[in-house]
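# Architecture and fold: a report
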Amino acid sequence: MSTFILAFVFFLLMVAAMAIGYILQKKTIAGSCGGLGALGISKACDCPEPCDRKKARMEREEKRMKKIKEWQDNQIL
């Protein structure tokens with residue numbers, strides 16, 4: 001039981017240290033390898049075209065960007 005408590009306290013201290021580091025430095029934890037983008041891979045699957053959910057999400061994002069562009073064009077400065 002003491003091993004479990006020591007491990008729990010250790011992980012709790014690590015999480016607290018990361019939280020304090022974030023609060024003081026305003027930085028997030030970042031990986032060192034750069035992810036899939038560093039390998040030249042644009043998506044995680046080998047699908048020839050995006051799935052329906054991704055198509056819908058891309059369509060919503062496109063509509064949102066059009067609205068933002070329209071708003072910026074009509075903005076009175």
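See the structure shown above.
Criteria and cut-off values
Residues numbered from 1 in each chain as written. Predicted model: local features only at pLDDT ≥ 70, side-chain atom pairs only at ≥ 80, totals over all residues. Heavy atoms only, no water. Phe/Tyr/Trp six-rings, centres within 6.5 Å; stacked < 30°, edge-to-face > 60°. Helix = DSSP H or I, 4+ residues; strand = E, 2+ residues; numbered from the N terminus. Buried < 20%, exposed > 50% of the residue type's maximum accessible area, 1.4 Å probe, protein only.

Next up on the list: the packing of aromatic side chains. What the rule picks out here adds up to two aromatic pairs. Geometrically, the ring pair formed by Phe4 and Phe8 is stacked, given 6.4 Å between the ring centres and 20 degrees between the ring planes. Of this pair, Phe4 and Phe8 both sit in helix 1 (residues 2–25), four residues apart, roughly one helical turn. The class for Phe4 is exposed, based on a relative accessible area of 55%. Here Phe10 and Phe11 contribute two aromatic rings whose centre-to-centre distance is 5.7 Å and whose plane-to-plane angle is 70 degrees, an arrangement assigned as edge-to-face. Overall, Phe11 belongs to the exposed group, its relative accessible area being 53%.

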